[in-house]
Every structure is written in structure tokens, then in C-alpha cells.
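Examination of the molecular architecture
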Amino acid sequence: MIIYGSRASHVKSVQLDVETCPHCGTHGSLVLSTYARYAHVFWIPLFPIGRVSVSECRHCRQVLESKQMPAQIKAYHERNLSETRLPIWQFSGLALFFIAIAFGAYTNGQDKDEQAQFLKAPKSGDVYEWKTKAGAYTTFRVSEVGTDTLKVHFNNYEVNKISGIYQIDKEENYSDTTYQITRTELQQMYAGGEIVDINRH
Ligand SMILES: [Zn+2]
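An unreviewed UniProt entry lists the chain under the name Zinc-ribbon domain-containing protein, from Chryseosolibacter indicus.

In C-alpha cells form, the structure reads like this:
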């Protein structure tokens, strides 16, 4: 369940000393309060939506929204809006969102560095996640590392989603047949985007 919606926070209240209540006629009884509305998800503020003002008469308790206000009271509402800045904390959810994206980009970059290292210095037991020509995904595992060539065993199974690859990376799924692959071929596969990940356990 995702809980989201909008809330309002109080920004500023001013007493309108020189104005008269349009309902009861009391002089100096109106208080104009301005609120900043913001969208939230799980009560984490995402971004501001806008500002609203209401006036309340301390005498007769009549409450007016900005669209119901007589022009002279509305003028205070407009002035409040121009004078109040949006609270910066209302952007905290957006800030978190951008931090998360930046963090994702950073860890992705680290992954790529690691893969480049694995590719340069392969080890027995490395598992390559491979996108085949047919658009399916499978793996092959390095069993021996030579100067120019590697011995690998292919997985007997394929999956149609990257997210399912881990399910077929099991000891019993690897073929007993040994294939030779040159380091150059492997690097070409990686450069061509056929290798989606390299795992070293
Ligand atoms: Zn009143």
C-alpha cells in the first residue's frame, strides 16, 4: 500500500489591523494565514504544490478562502504569497530521489570497473552472463585460464529475462563439454554488449 497525497504547512499569519470583517463588521478582527501545500509519499515531502491563504475573524469565526475574500483582504493574501518563500524542506523527497539516482549511477560505474578487471584477468570459476544471438540469456563458466585462451563450460539452460539468470547458474546445469574461447573473442563479446555481467564468487 502506498500512502500519498498532499498536506499543508503553516507559513505565516498576519493580523489585518485596519480591515473590517465582511461578515460581522468588527474592525481589526481578521487574521490571514498562509499555508504551503506539498505532495507527500509516506509523509516524506516530495515537492511543493502551491500556497493558499485563509482569513479568519476572531470575533464571528467566519473563515474565508482566497477566492471568497473581498478585494481588499485578497490584496493581503497576494502580498503574503509574494513575501513567503517555499519551505526548502518540502523538496526533501525530490532531493532523496536525485541522491538515489546519483548513487545508482555511481554503483553502476563501479560494476563496469569491476567487470573490466575480471575481463583483463580471468579466473577459474568466473561466470559470464551471456545474451545469445537468439535474444535469450544463459551463462558460461571459466574452468581454466591459459595465456591466450580460456576453457569454458556452457550452461544447458536459457532464460528470457536478465533477472532470471541467477536461477540457472547452478552446478548441475553446466555441460561437461569443454569449449575453448580466446581472450580476444571474449573481449569482443563484451565490447559488443553480449556479456551482460561477470560474476566472481
Ligand atoms: Zn467577523
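So that's the structure; there's more coming.
Here we come to helix H2 (residues 92–120). The end-to-end C-alpha separation of H2 is 42 Å, in line with the 42 Å expected for 29 residues at 1.5 Å each. Every buried residue of H2 is accounted for by Gly93, Gln115, Phe118 and Leu119. Buried-residue contacts for H2 involve strand E3 (44–57), strand E5 (127–131), helix H4 (183–191) and strand E9 (195–199).

Let us now look at the nonpolar core. As a rule of thumb, nonpolar side chains are buried together in soluble globular proteins. Core analysis: the biggest nonpolar cluster contains 14 residues, and Tyr128, Phe140, Leu186, Ile195 and Ile198 have the highest contact counts within it. Secondary structure elements with two or more residues in this core: H2, E5, strand E6 (137–145), strand E7 (149–154), H4 and E9. A total of 3 residues in this core trace back to one element, the largest contributor, which is H4. If we ignore the near neighbours within four places in the chain, the residues touching Ile198 are Gln115, Phe118, Leu119, Val127, Tyr128 and Tyr190. If you look at the next biggest cluster of nonpolar residues, it comprises 9 residues, including Leu16, Leu32, Met69 and Ile73.

To continue, consider the coordination of the zinc ion. Taken together, the protein ligands of the zinc ion are Cys21 (SG), Cys24 (SG), Cys57 (SG) and Cys60 (SG), with distances of 2.3 Å. Each of the 4 donor atoms bound to the zinc ion contributes to angles spanning 106 to 112 degrees, and the resulting shape is tetrahedral. Positions of the donor residues of the zinc ion, expressed as sequence spacing, correspond to C-x2-C-x32-C-x2-C. A residue pair is termed long-range when its members are at least 10 positions apart, and Cys21 in the loop between strand E1 (4–16) and strand E2 (30–41) and Cys57 in strand E3 qualify at 36 residues. Each member of the pair, Cys21 as well as Cys57, carries the same accessibility label: buried.

Before going further, it helps to spend a moment on the environment of Leu81. Here Leu81 is to be found in helix H1 (residues 71–83). Measuring from C-alpha to C-alpha, the distance between Leu81 and Tyr35 comes to 9.4 Å, with 46 residues separating the pair along the chain. Setting aside chain neighbours within four positions, we find Leu81 in contact with Thr34, Arg51 and Ser53.

Right, let's get into the packing of aromatic side chains. Tallied over the full model, the rule gives 7 aromatic pairs. A ring pair is formed by Tyr128 and Phe140, whose centres lie 5.2 Å apart and whose planes are at 0 degrees; its orientation type is stacked. With Tyr128 in strand E5 and Phe140 in strand E6, this pair connects stretches of sequence that are 12 residues apart. As far as the burial class goes, Tyr128 and Phe140 line up, both buried. Assessed through its relative accessible area of 0%, Phe140 is described here as buried. Cluster of aromatic residues (ring-pair linked, three or more members): Tyr128, Trp130, Phe140, Phe154 and Tyr179. One residue, Arg141, lies across the ring of Tyr174, its end atom 4.4 Å from the ring centre.

The rules behind these values
- Residues numbered from 1 in each chain as written.
- Predicted model: local features only at pLDDT ≥ 70, side-chain atom pairs only at ≥ 80, totals over all residues.
- Heavy atoms only, no water.
- Helix = DSSP H or I, 4+ residues; strand = E, 2+ residues; numbered from the N terminus.
- Expected span 1.5 Å × (residues − 1).
- Buried < 20%, exposed > 50% of the residue type's maximum accessible area, 1.4 Å probe, protein only.
- Contact = heavy atoms within 4.5 Å.
- Core = buried A, V, L, I, M, F, W, Y, C linked by side-chain atoms within 4.5 Å.
- Donors = N, O, S within 2.8 Å, 3.2 Å for Na, K, Ca; no water.
- Tetrahedral: all angles 85-135°; square planar, octahedral: opposite > 155°, others 65-115°.
- Phe/Tyr/Trp six-rings, centres within 6.5 Å; stacked < 30°, edge-to-face > 60°.
- Lys NZ or Arg CZ within 6 Å of the ring centre and 35° of its normal.

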